[in-house]
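# Per-entry structural report
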Amino acid sequence: MNHYNLKSTAYLFFLFVLLCIGSTSVGQGVFQFKEGLAAEINVHYGREALYSDPLAHQLYNGTLKTPVAGEVFGNSDKGAPISWKAVTADSTKRLVLRGAGRGGGFGRSGYIYLTYTSDKDKNALLTITGNNSVFVNGVLHAGDPYSSGWLHLPIRLKKGLNEFYVRSLAITASLSFPTKDVLLNTEDPTMPTLQPGIDKDALYAAIVVINNSQKELKGLQLTSEIGGKKSTSSIPSIPALSVRKIQFSFDPTGISSTGKYNCQLVLTEKNKVLDEAVLIMEAVASGDKYSVTFESAIDGSLQYYAVTPQISPKKGAALFLSVHGAGVEALGQARAYKSKDWGTLVAATNRRPRGFNWEDWGRLDALEVLQLGSTRFEPDPQHIYLTGHSMGGHGTWFLGATYPDKWAAIAPCSGYPTLKGYGSADGLIPDSSSSPMEQLLLRSGNQSDVPKLASNYKPLGVYVLHGDNDQVVSVNYARQMRKQLGEFHTDMSYYEYPGGEHWFGDQSVDWGPLFSFFKWHERALDSNVNVIDFKTSSPGISSSYRWASIEQQDMPLQYSRIQLKRNSKSKSISGVTENVRLLKLDLQQFGANASISISLDNGAKLEYKTKNVSDIIYLLQSNGQWTFTTKPDSFEKGPHRYGTFKEAFNNRMVFVYGTIGTKEENEWNLNKAKFDAETWYYRGNGAVDIITDKEFSLAKYKDRGVIIYGNKSSNAAWNSLLTDCPIQVERNKITAGDKQWTGDDLGAYFVWPIRSSSIASVAVIAGTGLKGMNTANANQYFAGASGFPDFMIFSSSMLLNGAGGMKMAGFYDWQWRLDKKNLVSVE
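This section reports on the structure supplied with the text. (Residues numbered from 1 in each chain as written. Predicted model: local features only at pLDDT ≥ 70, side-chain atom pairs only at ≥ 80, totals over all residues. Heavy atoms only, no water.)

So, about the overall build of the chain. In terms of helices and strands, the chain carries 12 helices and 51 strands. For the chain, the C-alpha radius of gyration of 27 Å lies close to 28 Å, the compact-globule estimate for 827 residues. Projected onto its principal axes, the C-alpha positions of the chain cover 85 × 70 × 55 Å. Expressed as a percentage of its 827 residues, the buried residues of the chain come to 61%. The long-range fraction of contacts in the chain, counting pairs at least 24 apart against all pairs at least 6 apart in sequence, stands at 71%. Of the roughly 31100 Å² of accessible surface on the chain, a fraction of 48% belongs to carbon and sulfur atoms. Positive and negative side-chain charges in the chain, numbering 84 and 78 respectively, have mean positions lying 1 Å apart. (Helix = DSSP H or I, 4+ residues; strand = E, 2+ residues; numbered from the N terminus. Rg over C-alpha atoms; globule rule 2.2 N^0.38 Å. Buried < 20%, exposed > 50% of the residue type's maximum accessible area, 1.4 Å probe, protein only. Contact = heavy atoms within 4.5 Å. Areas by Shrake-Rupley, 256 points an atom, 1.4 Å probe, with all protein chains shown as cover. Lys, Arg positive; Asp, Glu negative; His and termini not counted. Charge placed at Lys NZ, Arg CZ, Asp CG, Glu CD.)

This is the structure:
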């Protein structure tokens, strides 16, 4: 975690307290859990597709015995007995298993068992801090691993004994019983900073609505009032017993001076008031740091970025993108920088202070903010810079290597280059594995292995800043990259701050020599870039550098590389490629009616005569020979849609749960969709539509990502999306090409392109029966940098045996066909 200067940190805490003052109390009648039973069970939920959990396996198979103090749950990896031990809340209300082998706090492996006896069937809000997840009477819910304290989950208690298996060994836990069925919760707002005299149009903020009733909420409205100005917004549907972060508009034109202002909020249903709350907003003077909200294209939710404005702003100046460290808000990041006279700084959020490690949706958030900042401030495109601290230092290394044509220079501060080997990843697969299945799953995460992409830094200026006494992120990471880049890089500056710890004041990021280095650098014009050396593991993440683009690979997610030279005088392009099936070249620099010679991989020369100044050509490699080809159909894999499984969680995705199965199947479909929505909200500050299969249609949800919960037998949307998919899941059977597996304990994750869309995909989360469906419960796909293939099929034994429970995993070929050379199958 980063520790910004006391002034900035204290201010953010003060502001947070103010924000919470107006929040509706969720605890009118509170039961605090003061005792429980804990067991140090060896579970693995790492940054990978596999996971293992012996307790979940027993729960899903009906063999889990009710915990009793002193009784043995099972044996550890080393054969030692694992016993349930009594735990009692301390003076801070924390239940902690003392002396467990893996240290305290977040990341400890095991479960705490809690019980509550209810006098009747009733609804309640469950608030747990410090946990990764919790089973409530067998139903999985999201956790609050970072102890944020604002995750209040509506649950249904049954009359009599209610059981809670909490995945953690250090928690606080309580139940509250509010008198209202619907609540506004302002503890976790997303909102802009007000700028009197500048704000002329409606602004947008977001808060959480808690639906603690057993009916879906539809047709609600939220009225806001600030500075005497009212605005009313329609609220999207919210399923029964769920939470959703909703955005609303407000009119800022009644605010004429700086200070803090109450924004009154009233939630209504057909003019009936359901709840009221107050959100405190801040207005700042021109020139102060501020935040801007925007609607994200990822899921349609409201996000924000922060700005350190330029002194005397003007068009054509520089733009600095700053990416923060773990636990840091973007506004706090922006406040650590003094305004510059030659550019504006924008700070993205990573979707949350911890978010996705600047990978996956954190990466997309950074790109969204870069685009928004470029549109808003109109910088000189040759003066775009990237920097960040700690986790943001990793983000700088990662985004710099992934998109080397976007920056003039980068400056990672106190960062680690890759998540591999950093911290406790808690994964099941060692990098040294010789198992074909495990190697394929590791390949799914190749995009995160930054040192493998280090050659992409060649065209960039690189400034590395690190304290030599950093006890959080070792300076050895900086030295590792200095050594690697020193072997080939000619434009790198490196500084170790003497005695510097992880945070040595604002100069940890706002370091004068760093910005002087930036000022010396500019991004070359495309017309001046005649040499390309570019590497990627997935065209779906990063496909192009300047005038060349890797459109398709021969081996998906293996590293691909192009090393090309363009000669305007001789009108030629030559070079070598690795793992490239389809290459796109922009010939604009040659002009119209030019005869061009192209030589790749020492093969036969290809001759092409341009027709227009904007000619783009496609080259296909087959059996070692390159030939001209036409632009591929949009259904084929390409940068617009390439896989993997996680790619479908984009394009304003919608969760579609099945309703045509058995009662138990339908309940799982809905509960799993709600669990994923809870997790997406917590990890990604996100919001998502949850609808039934019968509500879904391709026309209504055109070009939106779709997440299917259920199988062909239980989800009515299956046939409109997946009839041509080579993988089919139904009750008691999975087929994949010519392979077939039967039983009720099989699960699957896979992605498939939506034929009626050129951008959107469907992701399937399915099982052949309740055992298999439950095995698919874990949503490690929301863990930052977790690698998933296009498809994976597994049995419930994965929960005990990891890769030993896998049946098939792999990647489709360029036409979305099962490809034997890119999959591993187990009989």
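Now that the structure has been shown, we can carry on.
Right, let's talk about the sheet that holds strand E19 (residues 229-234) for a bit. Taken in spatial order, the four strands of this open sheet run E19-E18-E21-E22, and their pairing is antiparallel. Taken across any chain shown, the strands that pair with only one partner, and hence form the sheet edges, are E19 and strand E22 (272-283). Between one strand and the next, the sheet's axes are offset by a mean angle of 20 degrees, whatever the strand orientation. Pairing of strand E18 (residues 220-226) with E19, which is carried by six bridges, proceeds in the antiparallel orientation. Considered in E19, the bridge of Glu225 is made with Lys230. (Pairing = 2+ DSSP bridges. Axes fitted to C-alpha atoms, helices over the stretch in contact; angles between N-to-C directions.)

We now examine the pattern of salt bridges. Across all of its chains, the model carries 31 salt bridges by this definition. Asp90 is the partner of Arg98 in a salt bridge, and the nearest nitrogen-oxygen pair spans 3.1 Å. Through salt bridges with shared partners, one network takes in Asp188, Lys245 and Arg352. (Salt bridge = Lys/Arg side-chain N within 4 Å of Asp/Glu carboxyl O.)

Residues Leu55, Ala56, His57, Gln58 and Tyr60 constitute the buried set of helix H2 (residues 54-61). Buried residues belonging to H2 abut strand E5 (72-75), strand E9 (111-118), strand E11 (133-136), strand E14 (160-167), helix H11 (770-775) and helix H12 (798-801). Among the residues of H2, the N-terminal cap falls to Asp53, whose side-chain oxygen and the backbone nitrogen of Leu55 are separated by 3.1 Å. Gly62 sits one or two positions beyond H2 and adopts a positive phi of about 75 degrees. (Polar contact = N/O pair within 3.5 Å; in protein donor to acceptor, adjacent residues only side chain to side chain.)

The values reported here are purely geometric and, on their own, carry no functional implication.
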